[in-house]
Amino acid sequence: MSFLPQEIIRRKRDGETLTEAEIAAFVSGVSDESVSEGQIAAFAMAVYFRGLSADELHVLTREIVTSGRRLSFDDGGPPTVDKHSTGGVGDKVSLVLAPLLAEYGLRVPMISGRGLAHTGGTLDKLESIPGFRTDLPLLRFEQVLAEVGCAMVGQTPEIAPLDGRLYALRDVTATVPSIPLVAASIVSKKVAEGASALVLDVKYGKGAFFPDPSDAEQLASTLLDLAREMGVDATALLTSMDEPLGQAVGNALEVREAIACLRGDGPADLRELTLEICSEAVSAATGCDLEAARPRLSEILDSGAGLERFRRLVELQGGDARVIDDPDSLPAAPIRTELTTPDSGFVREFDALEVGWTSVMLGAGRRGVADQIDPAVGVELLVKIGTEVEAGQPVARIHARTAEQAAAARKRLSAALTVSDQAPRVPPLVLKRLPGQV
Ligand code: URA
């Protein structure tokens, strides 16, 4: 390359603005592997501390997109729409939303990610279904999309490959919570997959990468600006991640909960947030009123029609569709043990960050780039913020591979729970809506 990677890293480290040519050269060095993993990590850390200007961010995102193919769907078919979360604990909305929107009549060409730090990833969840492939060749991805109305894969050598490498390295170098790096990562995938409308679920609260609502709002506006510049019509919701979404945290446990939701059951918060995001998505894709789509979306959940779409998706992506009728056939951990509360009162907190790290510690997430995850392990929360409990009542169920891991999880989870005498204020699921076009 005509630029030395270490010189580009130095300039960013010192707070200078990189030129288009420098960013393009660095990215192409990442693609042809002339830039080392250490240099990529150093670059990510420099961006973490120094940020990127709007122009630098645009160029980086464009270069990530062009590291692979860019899909487009100007064939007169249904509108293409997608959602992406900035990262949460127990956030299995994508698993419910994709088949639900497909059943509604939209197209959802979803490119997702793996777990990052203490948060879970859609790909890891889907891969807990035996046989499910998230690395489909693009041609097959398009066939599944045409047949089912949705398809769900990760970054592959053909699509946003650069995000795949950066993503894995950021995960293990403490460089995830950077507004420009999150924005480039998310928007590049959505541009590459060809989504024309996008709903961004921007998390704030204990378990979010940006716990402070004002930081989360800044992330939302960076995402919205970037999406608009790249030709994607986006809206954002600021949603609470003070406690995990739903009850299940851990890959197979979350698939089970998503299946329940697609059956019209499952936790109320998961259903509610999914319907909110889907209503936004339909409105963004079709121009209809926000509330107009909701009755039909609810109907699709309650009738099980969305679940039938999910079954088809699982079959066509190589998964064992028996899990739909028999969720007990999903991987299960050998040890299950309940945690009880020593106090009576109201649950004031079940710290999502701690619950997320407990799940990672049990094996549901990665500590190193090459780590294998355990699909079976995780945590089920049996209470939510505001639940009234009595001393001795079970508040969580731990699904562990070994007794030592179960004991460590018990200790960590007990510290994550706060019970108080007074009923707490339950945070609203959606704090704020940020329309894209202002
Ligand atoms: N989701 C992504 O795809 N990338 C991030 O950096 C964070 C959440």
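One numbering rule holds for all chains: residues counted from 1, following each sequence as written. Thresholds applied to this predicted model are a pLDDT of at least 70 for local features of residues and 80 or more for the giving and counting of side-chain atom pairs; totals over whole chains, interfaces and linings are not thresholded and use all residues. Side-chain measures here rest on the full set of heavy atoms in the structure, leaving out hydrogens and waters.

**A few points about the pattern of salt bridges**
Under the convention used in this document: Whenever Lys or Arg places a side-chain nitrogen within 4 Å of a carboxyl oxygen from Asp or Glu, that contact is recorded as a salt bridge. The secondary structure listing takes helices from DSSP runs of H or I that are at least 4 residues long and strands from runs of E that are at least 2 residues long, numbered from the N terminus.
Enumeration according to the criterion identifies 42 salt bridges in this entry. Close ionic contact of D201 with K203 constitutes a salt bridge, the shortest N to O distance being 2.8 Å. Between R433 and E280 there is a salt bridge; the shortest N-O distance is 2.5 Å. Of this pair, R433 sits in strand β13 (residues 430-434) while E280 sits in helix α12 (residues 268-286), and the two are 153 residues apart along the sequence.

**Section: the sheet that holds strand β12 (residues 417-420)**
Let me state the cut-off plainly: If DSSP finds at least two bridges between two strands, the strands pair. We call two residues contacting when some pair of their heavy atoms lies within 4.5 Å. Axis definition: a line fit to C-alpha positions, over the contact stretch in the case of helices; interaxial angles, taken between N-to-C directions, run 0 to 180 degrees.
Taken in spatial order, the three strands line up as β10-β8-β12 in an open sheet, and their pairing is antiparallel. Edge positions in the sheet fall to β10 (388-389) and β12, since each of these pairs with one other strand and no more. Looking at chain direction, strand β8 (residues 345-350) and β10 are connected through two bridges and run antiparallel. Following the sheet pairing, G345 is matched in β10 by V389. Along the sheet face, helix α17 (residues 403-416) touches β8 and β12 and points at about 40° away from the line of β12.

**Quick look at the site of the ligand**
Note the threshold: Throughout, the term near means that a residue has one or more heavy atoms lying within 4 Å of the molecule or strand in question. Identification of polar contacts relies on pairs of N or O atoms within 3.5 Å, with a donor-acceptor requirement for protein atoms, meaning one able to donate a hydrogen and the other able to accept it, and with residues adjacent in sequence counted only if both atoms are side-chain atoms.
Every residue close to the ligand is listed here: H84, S85, T86, L116, Y167, R170, V182, S185, I186 and K189. Here an oxygen atom of the ligand sits 2.9 Å away from a polar atom, N or O, in the side chain of H84. Elements with a minimum of two residues in the shell around the ligand: β1 (81-85), α8 (161-171) and α9 (179-193).

**Re the environment of V255**
With respect to the helices and strands, V255 occurs in helix α11 (residues 251-262). Residues V255 and L297, 42 residues apart in the sequence, show an inter-C-alpha distance of 20 Å. When sequence neighbours within four positions are dropped, the list of residues in contact with V255 reads L95, K125, S128, I129 and L330.

**Observations regarding the sheet that holds strand β7 (residues 335-340)**
Overall, antiparallel pairing links the four strands, which are arranged β6-β9-β11-β7 in an open sheet. Both outer strands of the open sheet, β6 (248-249) and β7, are each paired with one neighbouring strand and no more. Two elements, β7 and strand β11 (residues 394-400), share six bridges in a ladder whose sense is antiparallel. Bridging from a neighbouring strand, T337 pairs with I398 of β11. The sheet contacts of helix α16 (residues 352-364) involve β6, β9 (378-381) and β11, and relative to β9 the element is tilted by about 145°.

**Regarding the packing of aromatic side chains**
Just so we agree on the cut-off: Only the six-membered ring of Trp is used, alongside the rings of Phe and Tyr, when aromatic pairs are assigned; centres must lie within 6.5 Å, and planes under 30 degrees apart are stacked while those over 60 apart are edge-to-face, with the rest tilted. Working definition: with a 1.4 Å probe on protein chains only, accessible area under 20% of the residue-type maximum means buried, over 50% means exposed, and in between means partly exposed. Placement of a positive charge over a ring is assigned whenever Lys NZ or Arg CZ falls within 6 Å of the ring centre and within 35 degrees of the normal to the ring plane.
Enumeration according to the criterion identifies two aromatic pairs in this entry. Here the aromatic rings of Y48 and F49 are separated by 5.0 Å at their centres, their planes lie at 85°, and the arrangement is edge-to-face. A relative accessible area of 64% places F49 in the exposed class. Just above the ring of Y104 sits the side chain of R296; from NZ or CZ to the centre is 4.6 Å.

Read these as spatial facts, not as claims about activity.
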